[in-house]
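One-letter residues, chain by chain:
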Amino acid sequence: MLQLHDTATGRARELALRDAGKVSMYVCGATVYAPPHIGHGRFVLVYDILRRYLEYRGLVVDHVSNVTDIDDKIIIRANQEGRSSAEVAEEFEASWWQAMDAVGALRPTAIPHATEHIDGMVELVGELIKRDVAYETSDGVYLSVEKVDGYGLLAHQTLESLRAGARVEVIEEKRSPSDFAIWKKAKPGEPTWDSPFGPGRPGWHTECVVMALGLLGEGFDLHGAGQDLIFPHNENERAQAVAWGRQFANHWMHNGMVEVGGQKMGKSLGNFQTMDEFLSTSDPRAYRMLVARSHYRTPIEVGPSMVEDAELQLERLDNFGRLMAELERDLPAGEAGSATAERVRGLEARFVELMDDDLRTPDAVASLFSAIKEVNTAAGEREGQHARELGAAVLRLFGVLGLEPPGAGEPVDSQAADLVRRLDEARAARDFEAADAVRAELQGLGWTVETTQQGTRIYR
Ligand SMILES: [Zn+2]
């Protein structure tokens, strides 16, 4: 079974499943106040690959990822632009899915919106006040972190060191600088909901804990997010669950950041690239390739040379896809021998071994590319059946990473097939003038013509 680094324990451990055959996973999702940037794209792709892998292993995955559609940043933008928070949220949620669809991310199996779960949040806040772990101030309701067992578990810090590092805030009614708002009382011009502690809205940390427990139930298997959310967001989610007496996530996974020149990419730093900007200049699959080629916990750089390199790899992959389509079409039916079956089993076993070892996708990608070399050699040496069966396994496994090539393209019609035959004959007869003429004719019909060891290959 999958060994996955767990932020809470600081080491890799087996992802234990609450329900046999089923994975319950919550991933902190989008706060929809601006177009998604490539840091968002990375976390979406990391959890997309994890999910595809779990499904490949035969598990059913409940993949819940929220949309925060009420938040300070949404309200600020709405007020600046003179429209409602709902309008702002709707616009940027649409741009979020557009970008994530473009990189081929599977939609989560459930997408709760914060504003649909306010009742549950009001209930939680009331319960925490009743349990005397939360208190009301003039501007909201705060959780008293000193009353929470193990506060600082995810951050791997004690309450004392967290307190020393906390920003001094002006809210004098807060009992400890680490206490955080679970309910924010209404200010003029803000959307509000009624509650026993006055009209207002929930804090962001409260949204996720209520939606995760509401949709997945107590003791769900895995909580994921970017490393930038470990503290305070995830720590504060956990704190509320503990204070509520509910068993929260069994395992915590966090992915690394996107960096620019060794610095975290961020809006405030001005070194920021949106998904749309990336997608307007690059193959959408290049980003998935970049993400898969890096270990999910390490920071990545998304500079022009890395993107170019990823696109070159995609080209190799697409050429391979076309070779496979040709083998599928041209080879007579038949089966390769037991040595091939053994090699396919070995390739799949290695893939599983690497992925089970804390998702070593860079090594998995490298292993698949070296298998592509082997398939190309086999095809060149007329070991077509071996090439076809091993190649099919390579395609399947690339599919687990969401990187399957787009397929064979258009089928080759009889006119084009005839021209390919004439081109090969002309080359065999070393009549290069005739070969050039036939090549030009094919190109005129829109075909891309490649000369390979195995003869002419065309696609369009
Ligand atoms: Zn969250």
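Note that the coordinates shown come from a computational prediction; the quantities given were computed from them, not determined experimentally.

(A) Representation of the overall build of the chain. When helices and strands are tallied, the chain shows 15 helices and 15 strands. Look at the contacts in the chain between residues 6 or more apart in sequence, and 75% of them connect residues 24 or more apart. Counting 49 positive and 73 negative side-chain charges, the chain places the centres of these two groups 2 Å from one another.

(B) Here's a closer look at the environment of Leu54. Note on placement: Leu54 falls in helix α1 (residues 38-56). Judged by its relative accessible area of 1%, Leu54 falls in the buried class. With 31 residues separating them in the primary sequence, Leu54 and Val23 have C-alpha atoms 8.1 Å apart. Other than its neighbours up to four places away in sequence, Leu54 contacts Leu2, Val23, Leu59 and Val61.

(C) Representation of the side chain of Asp71 within the structure. As for its position among the elements, Asp71 is in the loop between β4 (60-68) and α2 (72-81). Despite its burial, Asp71 remains without a salt bridge, the nearest opposite charge being carried by Lys73 at 5.3 Å. There is a polar contact of 2.9 Å between the side chain of Asp71 and the backbone nitrogen of Lys73. Residues contacting Asp71, with those up to four places away along its chain left out, are Thr31, Arg201 and Trp204.

(D) Molecular detail of the packing of helix α12 (residues 361-380) against helix α13 (residues 384-400). For the pair α12 and α13, interaxial distance at closest approach is 8 Å and the crossing angle is 160°. Relative to α13, the element α12 lies roughly antiparallel. Here the hand of the crossing between α12 and α13 comes out left-handed. Packed against α12, whose contacting residues are Leu368, Phe369, Ala371, Ile372, Glu374, Val375, Ala378 and Ala379, the element α13 presents Gly384, His386, Ala387, Leu390, Gly391, Val394, Leu397 and Phe398 at the interface. Across the contact of α12 with α13, the residue classes tally to twelve nonpolar, three polar and one charged.

(E) Layout of the nonpolar core. In this structure, Leu50, Met253, Tyr287, Val302, Leu317, Phe351 and Leu359 are the most contacted members of the largest nonpolar core, which totals 81 residues. At ten residues, α1 tops the list of elements feeding residues into this core. Setting aside anything within four residues of it in sequence, one finds Leu50 in contact with Leu2, Met25, Leu222, Met253 and Leu359. Within the second largest apolar cluster, 46 residues are counted, among which are Leu124, Val210, Ala249 and Trp252.

(F) Structural view of α12. Between the first and last C-alpha of α12 there are 29 Å, a value that for 20 residues agrees with the 28 Å anticipated at 1.5 Å per step. Elements in contact with the buried residues of α12: α1, α9 (284-293), α10 (304-330), α11 (338-356) and α13. Arg382 sits one or two positions beyond α12 and adopts a positive phi of about 65°.

(G) Representation of the coordination of the zinc ion within the structure. Of the protein atoms, only Cys28 (SG), Cys208 (SG) and His233 (NE2) coordinate the zinc ion, at distances of 2.1 to 2.2 Å. Each donor residue of the zinc ion belongs to the same chain, and together they define the spacing C-x179-C-x24-H. You can see Cys28 sitting in strand β3 (residues 22-31) and its partner His233 sitting in helix α7 (residues 230-244), a full 205 residues away along the chain. Both residues of the pair, Cys28 and His233, count as buried.

(H) Representation of the packing of α1 against α9. Two elements in contact, α1 and α9, have axes whose closest approach is 10 Å; the angle formed by their N-to-C orientations is 70°. Here α1 is positioned roughly perpendicular relative to α9, judged by the angle of their axes. The interaxial crossing formed by α1 with α9 has right-handed handedness. Between α1, through Ile38, Gly39, Gly41, Arg42, Leu45, Val46, Asp48, Ile49 and Arg52, and α9, the contact on the second element is made entirely by Tyr287, Arg288, Val291 and Ala292.

The rules we used
- Residues numbered from 1 in each chain as written.
- Predicted model: local features only at pLDDT ≥ 70, side-chain atom pairs only at ≥ 80, totals over all residues.
- Heavy atoms only, no water.
- Helix = DSSP H or I, 4+ residues; strand = E, 2+ residues; numbered from the N terminus.
- Contact = heavy atoms within 4.5 Å.
- Lys, Arg positive; Asp, Glu negative; His and termini not counted.
- Charge placed at Lys NZ, Arg CZ, Asp CG, Glu CD.
- Buried < 20%, exposed > 50% of the residue type's maximum accessible area, 1.4 Å probe, protein only.
- Salt bridge = Lys/Arg side-chain N within 4 Å of Asp/Glu carboxyl O.
- Polar contact = N/O pair within 3.5 Å; in protein donor to acceptor, adjacent residues only side chain to side chain.
- Axes fitted to C-alpha atoms, helices over the stretch in contact; angles between N-to-C directions.
- Parallel < 35°, antiparallel > 145°, perpendicular 65-115°, else oblique.
- Left-handed = near helix turned anticlockwise from the far one by under 90°.
- Nonpolar A, V, L, I, M, F, W, Y, C, P; charged D, E, K, R; others polar.
- Core = buried A, V, L, I, M, F, W, Y, C linked by side-chain atoms within 4.5 Å.
- Expected span 1.5 Å × (residues − 1).
- Donors = N, O, S within 2.8 Å, 3.2 Å for Na, K, Ca; no water.

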